[in-house]
Amino acid sequence: MGKRRLEGMFHWYLVFIFVISANAVDVKHLNIWPMPKSASYGYRNLHLSNEFELRTDGTKFADASSILKDAFKRSIDVVRSSHVIEFNASKIDSSLVLKGIHIVVSSPSDELQHGTDESYKLHVPAQGSPLYAHIEAKTVYGALHGLETFSQVCHYNISSRGIQVHQVPWTIADQPRFSYRGILIDTSRHYLPIPVIKKVIDSMTYAKLNVLHWHIVDTQSFPLELPSYPKLWNGAYSITERYMFADAEEIVRQVNRQFYAKRRGINVLAEIDVPGHTESWGVGYPALWPSKDCKQPLDVSNEFTFKLIDGILSDFSKIFKYKFVHLGGDEVNTSCWETTPHVKKWLHKNHMNGSKAYEYFVLRAQKIALSHGYDMINWEETFNNFGKKLNPKTVVHNWLGSGVAQNVVKAGLRCVVSNQDSWYLDHLDALWQGFYSNEPLTNITDPKQQALVLGGEVCAWAEHIDASDIEQTIWPRAAAAAERLWTPYDKLAKDPEKVKSRLSYFRCLLNQRGVAAAPLDGLGREAPVEPASCYLQ
Amino acid sequence: MVTSPLMCLRYCLTESNNLLLLILLQNLKERSSAEFDRMLRMGRTRLKIAYIWYLVCFFAVYCDADDANEINIWPMPVSVSFGSGNLHLSNNFELITEGSKFADASGILKEAFSRTIDIVRSSHVVELDTSKIKPSLVLKGIHVVISSPSDELQYGIDESYKLNIPAQGNPIYARIEAKTVYGALHGLQTFSQICSYSLSSRGILVHQVPWTIADQPRFSYRGLLIDTARHYQPLRVIKKIIDAMAYTKLNVLHWHIVDTQSFPLEIPSYPKLWDGSFTISERYTVADAAEIVSYAKKRGINVLAEIDVPGHAESWGFGYPSLRPSENCTGPLDVSNDFTFKLIDGILSDFSKIFKFKFVHLGGDEVDTSCWILTPHVKSWLQKQGMGDSDAYQYFVLRVQKLALSHGYEVINWEETFNEIGSKLNPQTVVHNWLAGGVAEKIVKAGLRCIVSNQDKWYLDHDIRWQDFYSNEPLENITNHQLHSRVLGGEVCMWGELIDAADIEQMVWPRAAAAAERMWTSYDKLAKDPSDVRSRLSHFRCLLNQRGVAAGPLEGLGNTRPFGPGSCYTK
């Protein structure tokens, strides 16, 4: 061989070694999803102690209901679940073992609300005796995000047969770009059993999403119990496909250690979609229908309609403690009102046509929501039709097309972005790249207007989704949107292909954690096209 | 459709239309209070009619609350009788084991008991406080009596159980009697399907007491194949599959671990074999494999490990290239190289430390021997031995069978081995049918044992309806009853070419459950027409969903989404 070829081979050899060692630590890059605001890291590895512990000295958060302790335990369990741990850290030099994590939370409150501080700092030192990682956060919910990030820098190591914390020292400072980062689930088109909803909530925390928009009821079924109007859930598909009031409370709130979303830093936004998507309401209360042949929208001429909405929102306010309630207001076809004699007569008497009555209905429902202490969210048709009349506290929920947010914020209202072309999960031809690239602040340059965009939400409308396919319809595409909603704009990839391997890594991590996230290739929830590694599909 | 209350009542009492009933009854229930108001304003005769109507409705509601006026147990037990009472499941429902010979040192029974109760309680928040209810209406616990002290799980162990739930007593306990702990586990599974959340009590009700069930499986081998070579399945996913297998009383997880595409398993004797894994994170350590075996055992499930030789083995050569005939011709395994057999011996030796099932699966299907004929050194070896390629195939299969026997295993081979060299196979061979139906008959007539997996009915990766899974009869055309015992059972196969962690569950369920009843339930209790069991299977599918298993709709061909909005019970 000539010298040159030898040199070439030497380079090749070096590259090979580098690849192997990178492979051995299982990360060549930063494999955290969503990408933190700032992260620096080294190249050393630590072993996670078999008795990895939580320390909280100096914290102001008493953790009376074990939110933090339980989250800590879940994080460690999930890290240890991919393989059996055979490693015994007690036999290792203690300077190589991470003994625990020290979490200091400065707020004593466990209140979870829109705008709760979710920032955290995570530091994993390379040296110390004993060695502890550190999380600092204003609120326990920021600390929970810190634990999630920590779980993503831990990996099973095939040589040590234990968990290693890679690339120490780590210094991460992180906070979300938007305070509203949602997923919509729809339990009216198909009932979702409670264990399934809980699994969706678990997986949301992995991607740092923080709002579960629960589209509880719709035309097809009314599965929720409402104590004020106990016949409403007669509109459920069957007696087993129902949520007791206590079930809903368990999903949302923290009353005992079972209570779910709040303990994971996730708000639940409840929706009643009035007046349009409501046919099932009338199964229990037929007076809500304009007539037996014309069953929606809700009868605008009947005072009982509003009394009942008042009762529902009163019941809601006892369990759904999120600042917002969603009042729907989309796709209202008023022809039932105009063709049903008694409603028509009422319209006439009140000098209203169909569209005026729609406005009347929405505004009156808004007032009821306000009287129960809620701010309200309405679908964008309410803005498109009578934007100026909407209560100034209204948050407009965009869905029809893109470019709506700029009009909404220009009008001085707040906005949540869910343009269906990019962020509807039931649109299987909406690819992960489109989920990633959909920018909520497109064409909004004024910082004051930017602040009116609360965030965004991906929607899993359930006409073709039930307990058997919900997970792979949501994941990994919702994760692509989650990074858009979490990570600072300048750290987002202009070209989604640049984050593909990291997203693919996250998808495989979801699989390891028992979440049925689908391949990145192909349409939504598509089966893999051929045998291959998870990381390549 | 049902239009009158009397018809409703009839539906309530007949076997077949529980689901329609659920929906119907709801309407009645809604009406009933309105009816009541109306009654007050009516004349006498009309009042009488209304009263009857009301009673009927009341009765209907009562059925409704029960959520079961028929037997909704899947798979159907051998013999069942039940009554019309209801008991509340105690909030402190307890396990007692007085008189049991099984010490439960490893906690198999205790853990199964606690899983059973957890799962029964998982569908809704339980608000009922049973301490405030008369003890005569509360089921306080379950008394499990096992006569064998052993926790050994093996092919052919006794899986029978008797479950008795009395209607009276003070205090009231259910009772399970079983020969082995694994029979008792099946009993707990059946018990869990008799319990359901009650809307009126806001607690768990045990329906239709008194129950007397005596049950045992028709076949001892009731399997499901998973394939971790075409796509890696994470541990959690495999564990979830095992959980759901226990719900359907399947008892063999056939683990098709390695194949052409990847070799994910660690083999200590030959540590480079798993170089053939897709990536380093898509691997199973020996400890992982042992964990799967132990997890399965705690649920009464055996794990059948497979190496599919010599044909499906290309990935083996990543770590040990000399196993390949040549670099261009990478499979089947080099028959001319003694190292090939030494390595297989090492694998089986390692297997025998983890996989304690009586059988090991040695594959042997789809062997294309052209590489042997085309590769010079193999070709000259063949000539030297005086072998044609089919002789060499036979030589390979039989030599590997001997290795397996030397490690204490009995062997299972795919049906091609029987079709091509049937008379030479070791008499202990179990032939695994897959190519077509009607093969079992030939195998048992030849004196060998058989497992049925004909691909036209029992391949989960094919577009096959649940009805065909249900109707596939392993003993078809085998008229000589003495030969029946040679059919060990059957297996549904979830080949992984187009299956990964995202879609495995709805590809497996509910179709595997349809086959599970065929393999569990006594022949005369099986439906001749699968549509007779549709509502019960649909009920079971919705139960799987409630338990967090992503079982798909019954309509369609496996990986089918719900066509449109609707109740789980109508899909």
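Cut-off values and rules
Residues numbered from 1 in each chain as written. Chains lettered and ligands numbered in written order. Predicted model: local features only at pLDDT ≥ 70, side-chain atom pairs only at ≥ 80, totals over all residues. Heavy atoms only, no water. Helix = DSSP H or I, 4+ residues; strand = E, 2+ residues; numbered from the N terminus. Rg over C-alpha atoms; globule rule 2.2 N^0.38 Å. Buried < 20%, exposed > 50% of the residue type's maximum accessible area, 1.4 Å probe, protein only. Contact = heavy atoms within 4.5 Å. Areas by Shrake-Rupley, 256 points an atom, 1.4 Å probe, with all protein chains shown as cover. Salt bridge = Lys/Arg side-chain N within 4 Å of Asp/Glu carboxyl O. Phe/Tyr/Trp six-rings, centres within 6.5 Å; stacked < 30°, edge-to-face > 60°. Lys NZ or Arg CZ within 6 Å of the ring centre and 35° of its normal. Core = buried A, V, L, I, M, F, W, Y, C linked by side-chain atoms within 4.5 Å. UniProt positions renumbered as here; feature names shortened; annotations may be inferred. Disulfide = S-S within 2.5 Å. Pairing = 2+ DSSP bridges. Axes fitted to C-alpha atoms, helices over the stretch in contact; angles between N-to-C directions. Buried area = accessible area lost by both parts, 1.4 Å probe. Polar contact = N/O pair within 3.5 Å; in protein donor to acceptor, adjacent residues only side chain to side chain.

K.L.:
Any chance you could explain the overall build of chain A here in plain terms?
P.N.:
Within chain A, the regular secondary structure consists of 18 helices and 16 strands. For 537 residues, the compact-globule formula gives about 24 Å, and the C-alpha radius of gyration of chain A, at 26 Å, lands near that figure. Expressed along its principal axes, the backbone C-alpha trace of chain A runs to roughly 95 × 55 × 45 Å. For chain A, the proportion of its 537 residues judged to be buried stands at 64%. Once local pairs closer than 6 in sequence are excluded, the contacts in chain A between residues at least 24 apart make up 73%. Split by element, the accessible area of chain A, about 20000 Å² in all, is 54% carbon and sulfur.

K.L.:
Can you help me understand the pattern of salt bridges in this one?
P.N.:
Close approach of charged atoms allows side chains with opposite charge to pair. Residue and element names in this part refer to chain A. Evaluated as defined, the whole model comprises 55 salt bridges over all chains. A salt bridge links Glu53 to Lys99, with the shortest nitrogen-to-oxygen separation between them at 3.8 Å. Here Glu53, found in strand S2 (residues 44-55), pairs with Lys99, found in strand S3 (residues 97-105); they are 46 residues apart in sequence, far enough to count as distant. Taking the relative accessible area as the measure of exposure, Glu53 reaches 28% and is therefore partly exposed. Taking the relative accessible area as the measure of exposure, Lys99 reaches 37% and is therefore partly exposed. Arg189 is paired through a salt bridge with Asp186; the nearest N and O atoms lie 2.9 Å apart.

K.L.:
Sorry, what's going on with the packing of aromatic side chains here?
P.N.:
Aromatic ring pairs are described here by two measures, namely the spacing of the ring centres and the angle between the planes. In total, this model carries 45 aromatic pairs over all chains according to the counting rule given. Taken together, a centroid distance of 6.1 Å and an interplanar angle of 50 degrees make the contact between Trp33(A) and Tyr436(A) tilted. Of this pair, Trp33(A) sits in the loop between helix H1 (3-25) and strand S1 (38-40) while Tyr436(A) sits in helix H14 (residues 432-437), and the two are 403 residues apart along the sequence. Tyr436(A) carries the same exposure label as Trp33(A), and that label is buried. Within the aromatic cluster, the residues linked to one another by ring pairs are Tyr191(A), Trp214(A), Tyr243(A), Phe316(A) and Phe320(A). In this structure, Arg364(A) packs its charged tip against the face of Phe306(A), placed 4.0 Å from the ring centre. One cation-aromatic arrangement involves Lys249(B) over Trp520(B); the distance from NZ or CZ to the ring centre is 5.7 Å.

K.L.:
Whenever I open this one, the nonpolar core confuses me. Can you help?
P.N.:
What tends to happen in soluble globular proteins is that the nonpolar side chains get buried as a cluster. Judged by nonpolar contacts, the single largest core of 157 residues is most densely connected at Ile165(B), Phe191(B), Trp316(B), Phe351(B), Phe355(B) and Trp509(B). Considering every element that reaches this core, the biggest residue donor is helix H6 (residues 235-247) of chain B, with nine residues. Filtering out sequence-adjacent residues up to four positions away, Phe351(B) remains in contact with Ile257(B), Leu265(B), Ile267(B), Ala305(B), Glu306(B), Ile307(B), Val360(B) and Tyr409(B). Core analysis: the next-biggest nonpolar cluster, separate from the first, contains 156 residues, Ala137(A), Phe304(A), Phe383(A) and Leu520(A) among them.

K.L.:
In this structure, what is going on with the environment of Ile135(A)? I would like to understand it.
P.N.:
Residue and element names in this part refer to chain A. Relative to the helices and strands, Ile135 resides in strand S5 (residues 131-137). Accessibility expressed as a relative area gives 0% for Ile135, which makes it buried. Between the alpha carbons of Ile135 and Leu147 there is a distance of 8.0 Å; along the sequence they are twelve residues apart. Dropping the residues within four chain positions of it, Ile135 is found in contact with Ile101, His102, Ile103, Val104, Lys121, Leu122, Ala143, Gly146 and Leu147.

K.L.:
Is there a simple way to explain the UniProt feature "domain: Beta-hexosaminidase eukaryotic type N-terminal" (unreviewed entry) in chain A in this structure?
P.N.:
As annotated in UniProt, the feature "domain: Beta-hexosaminidase eukaryotic type N-terminal" (unreviewed entry) corresponds to residues 32-152 of chain A in the numbering used here. For residues 32-152 of chain A, helix accounts for 22% and strand for 30%, while the C-alpha atoms at its two ends are 6 Å apart.

K.L.:
Looking at this structure, I do not really get the pairing of strand S13 (residues 410-414) of chain B. What am I missing?
P.N.:
The side chains of a regular strand alternate between both faces of the sheet. Of all five residues in S13(B), five are buried; the element is thus mostly enclosed. The two faces of S13(B) match: Glu410(B), Ile412(B) and Trp414(B) on one face and Val411(B) and Asn413(B) on the other face are all buried.

K.L.:
Would you explain the state of the cysteines in this entry?
P.N.:
When the sulfur atoms of two cysteines share a covalent bond, that bond is a disulfide. All names here are of chain A. Within the structure shown, the criterion is met by four disulfides over all chains. In this model Cys508 forms its disulfide with Cys534; the gap between the sulfur atoms is 2.2 Å. The S-S bond linking Cys508 to Cys534 shows a torsion near -115 degrees; that makes this disulfide left-handed. Highlighted residues: Cys508 in helix H18 (residues 500-512) and Cys534 in the segment after H18, separated in sequence by 26 residues. With a relative accessible area of 3%, Cys508 lands in the buried category. Once the bonded cysteines of chain A are numbered in order along the sequence, the disulfide links fall as 1-2, 3-4. With no disulfide partner, Cys154 has as its closest neighbouring cysteine sulfur the one in Cys508, 18 Å distant. Given a relative accessible area of 8%, Cys154 falls into the buried group. There is no disulfide at Cys459, and the cysteine sulfur nearest it, in Cys415, is 12 Å away. Residue class for Cys459 comes out buried when judged on its relative accessible area of 0%.

K.L.:
What exactly am I supposed to notice about the sheet that holds strand S3 (residues 138-146) of chain B here?
P.N.:
Adjacent strands of a sheet pair through backbone hydrogen bonds, lying either parallel or antiparallel. All names here are of chain B. One open sheet accounts for eight strands, arranged S1-S8-S4-S5-S3-S2-S7-S6; its pairing is mixed. At either margin of the open sheet sits one strand with a lone partner, and together these are strand S1 (79-81) and strand S6 (195-198). Here the average twist between neighbouring strands, direction ignored, is 30 degrees. Sheet topology note: the strand S2 (residues 85-96)/strand S7 (residues 203-209) ladder contains three bridges and is antiparallel. The residue of S7 that forms the bridge with His88 is Leu205. The sheet contacts of helix H5 (residues 181-194) involve S2, S3, strand S4 (161-165), strand S5 (172-178), S6, S7 and strand S8 (211-215), and relative to S4 the element is tilted by about 35 degrees.

K.L.:
I keep staring at the side chain of Ser315(B) and nothing clicks. Help me out?
P.N.:
Structurally, Ser315(B) can be placed in the loop between strand S11 (302-306) and helix H8 (338-354). Residue contacts for Ser315(B): discarding those within four places in its chain leaves Asp259(B), Thr260(B), Gln261(B), Ser262(B), Phe263(B) and Gly276(B).

K.L.:
So what exactly am I meant to see when it comes to the interface of chain B and chain A here?
P.N.:
Quoted interface sizes are often the accessible area lost when the parts come together. Contacts between chain B and chain A engage 63 residues on the former and 66 residues on the latter. Of the roughly 5000 Å² buried where chain B meets chain A, counting both sides, 56% is carbon and sulfur surface. In this structure, the connection of chain B to chain A is made through four salt bridges. Measuring nitrogen to oxygen at the nearest pair gives 2.7 Å for the salt bridge that ties Asp466(A) to Arg541(B). Between chain B and chain A we count 28 residue pairs in polar contact (both at pLDDT 80 or more) in total. Of all the secondary-structure elements, those providing two or more residues to the side of chain B that touches chain A are helix H2 (18-40), H6, helix H7 (286-297) and helix H18 (534-546) of chain B. Of all the elements, H2(B) adds the most residues to the side of chain B that touches chain A, at five residues.

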